[in-house]
Amino acid sequence: MSGTPSQRNIPFSRPEIGQAEIDEVIAVLRSGWLTTGPKAREFEASFADLLGGGVITAAVNSATAGLHLALEALGIGPGDEVIVPVYTFTATAAVVCYLGATPVFVDIEEDSLNLDPGLLERAITPRTKAIIPVHFAGFACRMDEIIAIARKNNLFVVEDAAHALPTRYKGRLVGSLDSDAAVFSFYANKTMTTGEGGMIATRNPDIAKRCKIMRLHGIDQAAFERYYERYRTQEKPPWFYQVVAPGFKYNMTDLAAAIGIHQLKKINDFRSAREAIAQRYMAAFADLPLILPKTCDGPDCQHAWHLYAVRLDGERTSLPRDRFIDLLRADGIGSSVHFIPMFLHPFWRETFSLKTEDFPVADKAFQGVVSLPLFSAMKEDEIEAVIATVRKVCGEHGK
Ligand SMILES: *Cc1c(COP(=O)(O)O)cnc(C)c1O
């Protein structure tokens with residue numbers, strides 16, 4: 001029974017944690033080695049296997065940390081500019097500031113809500129060093145165009161792939177494309193989780209090496225290797241380490257990796273489950289005054305379906321977005337807004353003198369956008385309740 005609306009409580013997202021994750025975490029707790037060690041390495045190796053193409057992986061404690069490390073490894077610093085979409089989570093731009101560099105914001109495309117490659121050239125200056133495309137909701141950016149512009153202008157590309165596991169672009173998984181690095185998030189509501197966590201994927205061994213040093217205090221070898229491997233080979237005493245830079249504390253614990261190892265095995269099943277729900281939403285909402293998310297147009301494309309973000313179409317309904325969210329809430333249905341654009345946050349707006357009118361597409365998208373519940377463990381009655389409520393609320397507020 002789905003219960004009465006007042007009893008119902010469907011979250012916007014809920015992680016799917018199985019017995020295997022629980023058992024593995026308990027095994028780690030009992031093992032005596034809790035921080036970065038064999039589980040983190042196993043997780044990195046399975047992740048690299050999944051991506052293929054000779055990709056090297058580095059596990060970290062968040063995607064924010066991973067983006068920071070990747071930019072640091074590329075030498076981004078004071079005086080440099082990095083292009084980011086204005087329609088993203090604050091972390092995409094914050095990491096640029098961590099390094100003393102300046103984020104330069106560009107508007108997005110109307111259909112995918114991804115960075116508009118057509119706006120890149122005019123945002124590039126002699127100081128520009130990198131571009132950070134964000135694959136909104138798990139639908140890939142137009143990477144060929146972005147990478148071509150980057151190459152022509154001698155810029156790095158670091159993908160914010162927080163939504164993009166497993167996303168395919170022209171048949172290839174995001175993380176194995178021709179950018180300099182891609183960074184995934186395992187935050188609790190992402191397509192897989194380790195509670196908190198992230199993964200850097202790169203084909204460049206120098207970037208991987210620098211990220212691995214900087215994620216753990218700037219030390220040249222991880223503690224596990226120091227205590228176990230060198231001890232066994234007797235090459236150096238186990239207490240020996242060398243600091244080569246003032247590093248960060250961004251390493252992933254074995255406790256988190258224990259969850260990740262099992263979540264990763266289910267990543268394609270999770271995606272299929274979310275895609276099936278997204279398809280049902282598409283069919284059920286086709287006649288409503290909603291702009292539905294952009295979908296793949298061929299077998300080479302794969303949407304990760306991290307989010308199902310609809311937009312109220314102002315031409316066809318007078319229902320304001322905030323009221324829509326309240327009405328969903330009244331029926332026990334959670335939702336979220338992705339994203340509050342950077343120009344509406346005091347820090348970004350004031351520090352970088354952002355003007356709403358410079359970002360017309362992001363501004364319009366934000367006014368109507370709502371992310372509906374979409375997660376692999378959604379139950380049948382939950383899916384039906386979301387569909388029924390969205391249909392009811394939109395139906396009552398048509399123009
Ligand atoms: C979640 C998210 C991040 C940050 O991920 P963390 O793992 O929480 O640091 C970065 N960018 C985007 C687009 C995100 O959605």
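Residues numbered from 1 in each chain as written. Predicted model: local features only at pLDDT ≥ 70, side-chain atom pairs only at ≥ 80, totals over all residues. Heavy atoms only, no water.

## Some words on the packing of aromatic side chains
The full count for this structure, using the stated rule, is 19 aromatic pairs. Relative to Phe 352, the ring of Phe 105 lies with its centre 6.1 Å away and its plane at 65 degrees, an arrangement referred to as edge-to-face. Note that Phe 105 is positioned in strand E3 (residues 102-106) and Phe 352 in the loop between helix H12 (346-351) and helix H13 (360-368), a separation of 247 residues in sequence. On the basis of relative accessible area, Phe 105 is assigned to the buried category, the value being 10%. Aromatic ring contacts, followed pair by pair, group Phe 43, Phe 47, Phe 184 and Phe 186 into a single cluster. (Phe/Tyr/Trp six-rings, centres within 6.5 Å; stacked < 30°, edge-to-face > 60°. Helix = DSSP H or I, 4+ residues; strand = E, 2+ residues; numbered from the N terminus. Buried < 20%, exposed > 50% of the residue type's maximum accessible area, 1.4 Å probe, protein only.)

## Comments concerning the site of the ligand
The environment of the ligand is made up of 14 residues, and the closest members are Thr 64, Asp 160, His 163, Ser 185 and Lys 190. Within the backbone of Ala 63, one N or O atom sits 2.8 Å away from an oxygen atom of the ligand. A distance of 2.5 Å separates an oxygen atom of the ligand from a polar side-chain atom of Thr 64. When the ligand is considered free in solution it has 380 Å² of accessible area, and contact with the protein chains removes 92% of it. (Near = heavy atom within 4 Å. Polar contact = N/O pair within 3.5 Å; in protein donor to acceptor, adjacent residues only side chain to side chain. Areas by Shrake-Rupley, 256 points an atom, 1.4 Å probe, with all protein chains shown as cover.)

## Details of helix H11 (residues 321-330)
Since one α-helical turn is 3.6 residues long, residues separated by three or four positions face the same way. Taken residue by residue, H11 has Arg 321, Phe 324, Leu 327 and Leu 328 as its buried positions. For H11, the angular spread of buried residues about the axis comes to 120 degrees, placing them on one side. Each element contacted by the buried residues of H11 is listed here: strand E11 (308-312), H13, strand E12 (369-372) and helix H14 (380-396). Among the residues trailing H11, Gly 332 stands out with phi positive, at a value near 75 degrees. (Arc of directions from axis to C-beta. Contact = heavy atoms within 4.5 Å.)

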